[in-house]
Amino acid sequence: MAEIEHYTLNFGPQHPAAHGVLRMILEMDGETIERADPHVGLLHRGTEKLAEIKPYNQSIGYMDRLDYVSMMCNEHAYVLAIEKLLGIEAPKRAQYIRVMFSEITRILNHLMWLGAHGLDVGAMTMFLYCFRDREPLMDAYEAVSGTRMHATYFRPGGVYRDLPETMPQYEKSPWRNEKKLKELNANRQGSLLDFLQDFCDQFDSSVDEYESLLTENRIWKQRLVGIGVVSPERAFQLGLTGPMLRGSGVAWDLRKMQPYDVYAELDFDIPVGRNGDCYDRYLVRVEEMRQSNRIIKQCIEWLKNNEGPVIVDDHKVVPPTRADMKNDMESLIHHFKLFTEGYCVPEGEYYAAVEHPKGEFGIYLLSDGANKPYRVKIRAPGFAHLSAMNEMSKGHMLADVVAIIGTMDIVFGEIDR
Amino acid sequence: MSNLITAEELATTVKQKLSGQIKNTAVYKGQLTIEVDKSELRQICESLRDADEFQFEQLIDLCGVDYLTYGQDEWSTNEASGSGFERGRESLDFDKEPDSPRFAVVYHLLSVTLNQRIRIRVLVDAEDMMVPSVVDIWNGANWFEREAFDLFGILFEGHPDLRRILTDYGFIGHPFRKDFPVIGELEMRYDEEQKQCVYEPVSIEERILVPRVIR
């Protein structure tokens, strides 16, 4: 009989379970993984280099396109870094809006992750359920910023504009009768906050629904329990953050430990896992959705009762309103200067980190006093997670690689930058 | 939850514990930066990770920085504007002799126990790009060092597998250096006659809409 040596298998970059453009060279012994070598960079666009040739504000839109399923969280880190170097602080209402949208983004991201993870492992229904619930959140994005995904809503000094008083309505069309139309528009009669309140009230039961499909599901548990186990010590060594670290039992969450914006005033818990396997990370993320829902409810409550400005009143950084710009010479000058040149940020360096749905997302900003950053380094959580792929998949079967990719919640926009 | 110790207190401890090994410490906006020589780097990293008063168990980030055009602007108002997109923009001077080493490697460490961060900067001379690797101190440094090598050409001594990571297979150059053009150097297209992909020098011109200004 012929001796069978290890053989290599090329996984991706066009594999549906590769979550985008992951190419992996797997060294296999039969069906067991001996070594996994991920090849990344197929989506490298040089975001950091592009940010160096643009005024600060023009790069906010690039941040959305990093991790393109948690857009506003990326923006959050970027604007926090700029604000810190400029020495300004957003008004309270803006901070609440930002926190609320960061948490909406967290739910958006976790729903996308849950749907795709379920699909990878064979639970088709999850994908449909999750996308059903992503829809109202995307509508909230659209109502506030005009786009469903790449919002560019956060600005240094606050947010672009206040929350809208009305929600866009579904319109009559040949495939929607009067009754259906009324049903669709039922929760859109009030403001955006009322719409979100309605979402929050029913979201917990949606999460129960997902859990009834997965948590005690025999196949789901067989695929996830004991797969990709990471001990807390190894998680630290490998630079894992976010749910990947909490799944291993480390209660570390930047929202609690190094709170930014108004997180310190909000009441929420940090779920932690026990075994550090894919199943525990699943439980952690599902519980995080419930906690995010709690935070959103508190934000809605506060925002309904408190009016105020949503961006700082400093026209050296923030453009004046269009009405002012048309009537007031000084405002016109500010407007012109801001849109042709931008603002200069004092010389210095700052590392701003936020608890991104995937882990610690950081922006290291180095300024030499110009109107463009001298260097922006984006610390993407997925980059560190994927580098742990080799260690996490060693000794597992080929099909488990897919579960491990799923549990890492990989998005190539941020890994390749 | 508040920080257990402040950045200033950490700076004092660092100075006491590692005196003589660090060249510089600075606290800016509540963040501590220490500057160290590359010959001392590994020793300092080990004590930062293992000593009871530090316990920086996580390497959060590692990145390269190119200081070639630091502090230069490209705005001249001496003459009336010419034409095109880049009116009045002067190109940066890439041949200027830098007064300090050109490159730097910046490490960001996180201590979960102390809830504290620290930044280490190692200056790297363009003539000697070798920096000791910290992969065996924090295993997560592996890809970050590969990235710094790929984008800046900084070499890490003792790295187990220093390959390119983000750029294309067979890429030449280090794209995040300041003298590497934003539009790149080569473009690729499929050639119908040769029935293969061909690489050619770029045909587009660099277009920067807003000049760099320092005020």
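### Regarding the interface of chain B and chain A
- Taken together, the 60 residues of chain B in the interface contact 64 residues of chain A.
- Here chain B and chain A share an interface that buries about 5200 Å² over both sides, 53% of which is from carbon and sulfur atoms.
- Considering only the surface of chain B that becomes buried against chain A, B:Trp143, B:Leu166 and B:Phe176 emerge as the three largest contributors, covering 14% of it.
- At the boundary of chain B and chain A, one finds nine salt bridges.
- Our count for the chain B to chain A interface comes out at 36 residue pairs in polar contact (both at pLDDT 80 or more).
- Every element with two or more residues in the side of chain B that touches chain A is listed here: strand E2 (31-36), strand E3 (58-66), strand E4 (103-111), strand E5 (116-124) and helix H3 (141-152) of chain B.
- The element that contributes the greatest number of residues to the side of chain B that touches chain A is E3(B), accounting for nine residues.
- Residue classes in the side of chain B that touches chain A are distributed as 31 nonpolar, 14 polar and 15 charged.

### Focus: the pairing of strand E6 (residues 348-356) of chain A
Residues and elements named next belong to chain A.
- Within E6, nine of the nine residues are buried, which leaves it mostly tucked inside the rest of the structure.
- The alternating pattern of E6 places Gly348, Tyr350, Ala352, Val354 and His356 on one face and Glu349, Tyr351, Ala353 and Glu355 on the opposite face, and all of these are buried.
- In the sheet, E6 pairs with strand E7 (residues 359-367) via nine bridges, with the strands oriented antiparallel. Each bridged residue has a counterpart across the sheet, and for glycine 348 the counterpart in E7 is serine 367.
- Between E6 and E7, which follow one another and run antiparallel, lie two residues.

### What to know about the sheet that holds strand E8 (residues 375-379) of chain A
Residues and elements named next belong to chain A.
- The three strands lie next to each other as E6-E7-E8, forming an open sheet whose pairing is antiparallel. Two strands close off the open sheet at either side, each with one partner strand: E6 and E8. With direction set aside, neighbouring strand axes in the sheet form an average angle of 10°.

### Describing the side chain of A:Lys358
All names here are of chain A.
- Within the element layout of this structure, lysine 358 appears in the loop between E6 and E7.
- A polar side-chain atom of lysine 358 sits 2.8 Å from a polar atom in the side chain of aspartate 67.
- Look past the residues within four positions of lysine 358 in its chain and what remains in contact with it is Asp67, Val69, Ser70, Asn109, Thr241, Gly242, Pro243, Pro381, His385, Asp409, Val411 and Glu414.

### Things to note about the packing of aromatic side chains
- Under the criterion given, the structure shown has 20 aromatic pairs over all chains.
- An angle of 55° between the planes, with centres 5.2 Å apart, marks the rings of A:Phe383 and B:Phe144 as tilted. With one member in each of two chains, A:Phe383 in helix H15 (residues 381-387) and B:Phe144 in helix H3 form a pair that bridges those chains. Each member of the pair A:Phe383 and B:Phe144 is classed as buried.
- Centroid distance B:Phe152 to B:Phe176: 6.2 Å. Interplanar angle 90°. Geometry classified as edge-to-face. Pair noted here: B:Phe152 is in helix H3 and B:Phe176 is in the loop between strand E7 (155-157) and strand E8 (186-191), with a separation of 24 residues, a long-range link. Pair check on accessibility: B:Phe152 and B:Phe176 agree, each one buried.
- Over the aromatic face of A:Tyr129 sits the side chain of A:Arg132, whose NZ or CZ is 4.9 Å from the ring centroid.

### Quick word on the nonpolar core
- Among the nonpolar cores identified, the biggest contains 179 residues, and A:Met100, A:Phe101 and B:Tyr107 are the most heavily contacted of them.
- The leading source of residues in this core is helix H4 (residues 92-121) of chain A, at 13 residues.
- If sequence neighbours within four positions are ignored, A:Met100 has contacts with A:Leu163, A:Leu193, A:Leu196, A:Ile296, A:Cys299, A:Ile300 and A:Leu303.

### A short note on a nonpolar patch on the surface
All names here are of chain A.
- A cluster of nonpolar residues, Leu119, Met124 and Leu128, forms a patch on the protein surface that exposes about 280 Å² of accessible area.
- Note that methionine 124 resides in helix H5 (residues 124-145).
- Relative accessible area serves as the criterion here: at 47%, methionine 124 is assigned to the partly exposed category.

### Structural notes on the sheet that holds E2(B)
All names here are of chain B.
- With mixed pairing, five strands are arranged side by side in an open sheet as E1-E2-E5-E4-E3. The sheet is open, and its two borders are formed by strand E1 (22-28) and E3, each paired with just one other strand. Across the sheet, the mean angle from the axis of one strand to that of its neighbour is 20°, orientation sign disregarded.
- Docked against the sheet, H3 engages E3 and E4, running at close to 5° with respect to E3.

### What to know about the environment of B:Phe176
- On the basis of relative accessible area, B:Phe176 is assigned to the buried category, the value being 4%.
- With 36 residues separating them in the primary sequence, B:Phe176 and B:Arg212 have C-alpha atoms 17 Å apart.
- Once you skip the residues sitting within four places of it in the chain, B:Phe176 turns out to touch A:His44, A:Gly46, A:Glu48, A:Lys49, A:Arg375, B:Asp66, B:Leu151 and B:Phe152.

### Re the pattern of salt bridges
- Within this structure, the stated rule accounts for 53 salt bridges over all chains.
- When the shortest N-O distance is used, the salt bridge between A:Glu209 and A:Arg132 registers 2.8 Å. Of this pair, A:Glu209 sits in helix H7 (residues 192-214) while A:Arg132 sits in helix H5; the two residues are 77 residues apart in sequence, bridging distant segments of the chain.
- Two residues, A:Glu349 and B:Arg119, come together in a salt bridge whose shortest N-O distance is 3.6 Å. Taken together, the residues span two chains, with A:Glu349 in strand E6 and B:Arg119 in strand E5.

### What to know about helix H14 (residues 329-340) of chain A
Residue and element names in this part refer to chain A.
- For H14, built from twelve residues, the straight-helix expectation of 16 Å at 1.5 Å per residue is met to within 8% by its first-to-last C-alpha distance of 16 Å.
- For H14, the full list of buried residues reads Ser331, His334, His335 and Leu338. All buried residues of H14 fall inside an arc of 100° around its axis, so they share one side. Residues of H14 that are exposed and point over 90 degrees away from its buried face: Met329 and Phe336.
- Against helix H13 (322-327) lie the buried residues of H14.
- Glycine 342 sits one or two residues past H14 and shows a positive phi near 85°.

### Section: the confidence of the model for chain A
- Across chain A, the average pLDDT comes to 89, with 99% of residues at 70 or higher.
- Across chain A, element-level confidence peaks in E8(A) with a mean pLDDT of 93 and bottoms out in strand E1 (residues 7-11) of chain A with 86.

### Regarding the packing of helix H3 (residues 71-86) of chain A against H4(A)
All names here are of chain A.
- Orientation of H3 relative to H4, taken along the N-to-C sense of each, is 145°, at an axis distance of 7 Å. Every residue of H4 that contacts H3 at Met71, Met72, Cys73, His76, Val79, Leu80 and Glu83 is listed here: Arg98, Phe101, Ser102, Thr105 and Leu108.
- Across the contact of H3 with H4, the residue classes break down as seven nonpolar, three polar and two charged.

### Some remarks on the environment of B:Thr167
All names here are of chain B.
- One can find threonine 167 in the loop between E7 and E8.
- Sequence-distant contacts of threonine 167, that is, excluding residues within four places in its chain, are made with Asp150 and Pro175.
- A distance of 2.8 Å separates polar atoms of two side chains, one belonging to threonine 167 and the other to aspartate 150.
- A polar contact is formed between the side chain of threonine 167 and the side chain of arginine 164, at a distance of 3.4 Å.

What counts, and where the lines are drawn
- Residues numbered from 1 in each chain as written.
- Chains lettered and ligands numbered in written order.
- Predicted model: local features only at pLDDT ≥ 70, side-chain atom pairs only at ≥ 80, totals over all residues.
- Heavy atoms only, no water.
- Contact = heavy atoms within 4.5 Å.
- Buried area = accessible area lost by both parts, 1.4 Å probe.
- Salt bridge = Lys/Arg side-chain N within 4 Å of Asp/Glu carboxyl O.
- Polar contact = N/O pair within 3.5 Å; in protein donor to acceptor, adjacent residues only side chain to side chain.
- Helix = DSSP H or I, 4+ residues; strand = E, 2+ residues; numbered from the N terminus.
- Nonpolar A, V, L, I, M, F, W, Y, C, P; charged D, E, K, R; others polar.
- Buried < 20%, exposed > 50% of the residue type's maximum accessible area, 1.4 Å probe, protein only.
- Pairing = 2+ DSSP bridges.
- Axes fitted to C-alpha atoms, helices over the stretch in contact; angles between N-to-C directions.
- Phe/Tyr/Trp six-rings, centres within 6.5 Å; stacked < 30°, edge-to-face > 60°.
- Lys NZ or Arg CZ within 6 Å of the ring centre and 35° of its normal.
- Core = buried A, V, L, I, M, F, W, Y, C linked by side-chain atoms within 4.5 Å.
- Patch = residues over 30% accessible without salt bridge, like charges linked within 9 Å, V, L, I, M, F, W, Y side chains within 5 Å.
- Areas by Shrake-Rupley, 256 points an atom, 1.4 Å probe, with all protein chains shown as cover.
- Expected span 1.5 Å × (residues − 1).
- Arc of directions from axis to C-beta.
- pLDDT = per-residue confidence, 0-100.

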